[in-house]
Amino acid sequence: MAQVRALKEIMALLSANSTAAVNSSDTRMAGCLLIGIPGLEHLHTWLSIPFCTMYVAALAGNSILICVILSQPSLHEPMYIFLSMLASADVLLSTSTMPKALANFWLGSSHISFDGCLTQMFFIHFLFVADSAVLLAMAFDRYVAICSPLQYAIILTNTVIGKIVAATLIRSFIIMFPSIFLLKRLHYCRINIITHTFCEHMGIARLSCSDISINVWYGLAAALLSTGLDIILIAVSYIHILRAVFHLPSRDARSKALSTCSSHVCVILVFYIPALFSVFAYRFGERRIPRYVHILLANLYVVVPPMLNPIIYGMRTQQILEGAKQMFSNLAKKSR
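Residues numbered from 1 in each chain as written. Predicted model: local features only at pLDDT ≥ 70, side-chain atom pairs only at ≥ 80, totals over all residues. Heavy atoms only, no water.

## Considerations on the overall build of the protein
Now for step 1: Check the secondary structure of the protein and you find 13 helices and 3 strands.
Now for step 2: For the protein, with 336 residues in total, the buried portion stands at 47%.
Now for step 3: Once local pairs closer than 6 in sequence are excluded, the contacts in the protein between residues at least 24 apart make up 77%.
Now for step 4: On the protein, roughly 16400 Å² of surface is accessible, and the fraction owed to carbon and sulfur atoms is 70%. (Helix = DSSP H or I, 4+ residues; strand = E, 2+ residues; numbered from the N terminus. Buried < 20%, exposed > 50% of the residue type's maximum accessible area, 1.4 Å probe, protein only. Contact = heavy atoms within 4.5 Å. Areas by Shrake-Rupley, 256 points an atom, 1.4 Å probe, with all protein chains shown as cover.)

Written out as structure tokens, the structure reads:
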């Protein structure tokens, strides 16, 4: 049934594109079709099960994490404020992609307006850059806490945290807003079929009949100068953290710190590797990398880290667990 609906939408788009070509030779008014994972269309229903499970787990875990941090005054500290920011960005990032992808998998609802596609593209990339900045802020927080514990309260004041939040949002907006104009300036005269589950900058740009070299290089520069720089600074922070950890006198303290750092690094790698792979695959690996591999990995970075972050950063933190118990205990008392 879903494939029949998708076929009908493709035929409708073809008809609309033909009309648009006659009228104005611009196919933007007909919208776009997101065909999902190319080559695996027959498995869409089965693939939707793990993606839906991960999405629901991400929503539940991050929502609980945010509520716990907001409801417990003892958790109103820089580390937990950054954690709540990460959880909020994760919820928005997965929600900007998964509902549409699941509707496509289940119902064959693949059509999206051109402006809707641009909007989805903007929020996906905006939230990804913001997520990256929050991870950097969390790495800086751990660096100060471990390497300069006596100056922690002096360095990370409420004013500094406010500036970090503002800088995160402003930087993400400044980096991603030009991409909308770079896409709108292009001329579109082809069938607007995107071989993806969601709209990406290069996925939209490749629909154009115009020269997209500016889009290619701007997207690459934006990725390297934002997330690429974040990765370098995060790596530097953790190198200093590990040096400080290895100088700890207690073996148990070293083991605990290494366990925490290793889990954090794993989440960071799961977040960055598929995303950067997607960035470079779109530009340089179109003919070498199977399309379904690219699309699957692109979907992983918008749902797997949001699912894992509440576990890694939340459930393994004693203060979060205690806060969750207290919050649920208070809710149980109020319901009686």
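## Topic: the side chain of S84
Now for step 1: Within the secondary structure, S84 is located in helix 3 (residues 78–95).
Now for step 2: Setting aside its immediate chain neighbours within four residues, S84 contacts I66 and I69.

## Observations concerning the side chain of T168
Now for step 1: Among the structural elements, T168 can be located in helix 7 (residues 158–184).
Now for step 2: Sequence-distant contacts of T168, that is, excluding residues within four places in its chain, are made with A130, A133 and V134.

## Quick notes on the packing of aromatic side chains
Now for step 1: Following the criterion strictly, the structure yields 9 aromatic pairs and no others.
Now for step 2: Relative to F173, the ring of F122 has its centre 6.1 Å away and its plane inclined at 80°; by these criteria the two rings are edge-to-face. With F122 in helix 5 (residues 114–147) and F173 in helix 7, this residue pair connects regions lying 51 residues apart in the sequence.
Now for step 3: Residue class for F173 comes out partly exposed when judged on its relative accessible area of 41%.
Now for step 4: An aromatic cluster of three or more residues is present, and its members are F122, F123, F126, F173, F177 and F181. (Phe/Tyr/Trp six-rings, centres within 6.5 Å; stacked < 30°, edge-to-face > 60°.)

## A few points about the pattern of salt bridges
Now for step 1: Applying the stated criterion to the full structure yields 3 salt bridges.
Now for step 2: In this structure, the salt-bridge partner of K184 is D115, at a minimum N-O distance of 3.5 Å. Of the two residues, K184 sits in helix 7 while D115 sits in helix 5, which places them 69 residues apart along the sequence.
Now for step 3: Judged by its relative accessible area of 48%, D115 falls in the partly exposed class.
Now for step 4: Among the salt bridges present, the one from R171 reaches D230, with a minimum N-O distance of 2.8 Å. Taken together, the positions of R171 in helix 7 and D230 in helix 9 (residues 213–246) put the pair 59 residues apart, joining distant regions of the chain.
Now for step 5: According to the relative accessible area criterion, D230 is buried, its value standing at 1%. (Salt bridge = Lys/Arg side-chain N within 4 Å of Asp/Glu carboxyl O.)

## Concerning helix 2 (residues 44–71)
Now for step 1: End to end, helix 2 covers 40 Å across 28 residues, agreeing with the expected 40 Å (1.5 Å per residue, within 8%).
Now for step 2: Listing the buried residues of helix 2 in full gives H44, L47, S48, F51, M54, Y55, A58, N62, L65, I66, V68 and I69. (Expected span 1.5 Å × (residues − 1).)

## As for empty space enclosed by the protein
Now for step 1: As enumerated under the stated definition, the model contains 3 cavities of 30 Å³ or more in all.
Now for step 2: In this model, the second largest cavity occupies a volume close to 60 Å³.
Now for step 3: What lines the second largest cavity is simply M79, F82, M138, D141, R142, Y238, H264 and Y313.
Now for step 4: Considering every element that reaches the lining of the second largest cavity, the biggest residue donor is helix 5, with 3 residues. (1 Å grid on protein atoms, 1.4 Å probe; cavity = no way out; pocket = protein on both sides within 12 Å on 5 of 7 lines; lining within 4 Å. Points joined across faces, edges and corners; volume = space filled by probe spheres on them.)

## Structural notes on the state of the cysteines
Now for step 1: Using the criterion set out here, one finds 2 disulfides in the structure.
Now for step 2: The disulfide bridge from C117 ends at C199, spanning 1.9 Å between sulfur atoms. Taking the sign of the S-S torsion, -110° for the link of C117 and C199, the bridge is left-handed. With C117 in helix 5 and C199 in the loop between strand 3 (193–194) and helix 8 (201–205), this pair connects stretches of sequence that are 82 residues apart.
Now for step 3: For C117, a relative accessible area of 1% gives the class buried.
Now for step 4: Judged by relative accessible area, which is 0%, C199 ranks as buried.
Now for step 5: Paired by a disulfide, C189 and C209 hold their sulfur atoms 1.7 Å apart. Because the sign of the S-S torsion sets the handedness, a value of about -115° for the bond joining C189 and C209 places this disulfide among the left-handed ones. Of this pair, C189 sits in the loop between helix 7 and strand 3 while C209 is found in the loop between helix 8 and helix 9, placing the two residues 20 residues apart along the sequence.
Now for step 6: We classify C189 as partly exposed; its relative accessible area is 39%.
Now for step 7: By relative accessible area, C209 is classed as partly exposed at 31%. (Disulfide = S-S within 2.5 Å.)

## Notes on the sheet that holds strand 2 (residues 111–112)
Neighbouring strands of a sheet are bound in pairs by backbone hydrogen bonds; such pairs are parallel or else antiparallel.
Now for step 1: In spatial order, the strands read 2-1-3; together these 3 strands make up an open sheet with mixed pairing. The two strands at the open ends of the sheet, each matched to only one other strand, are strand 2 and strand 3.
Now for step 2: As judged from the 2 bridges shared by strand 1 (residues 32–34) and strand 2, these two strands associate in the antiparallel manner. Counted as the bridge partner of C32 is I112 from strand 2. (Pairing = 2+ DSSP bridges.)

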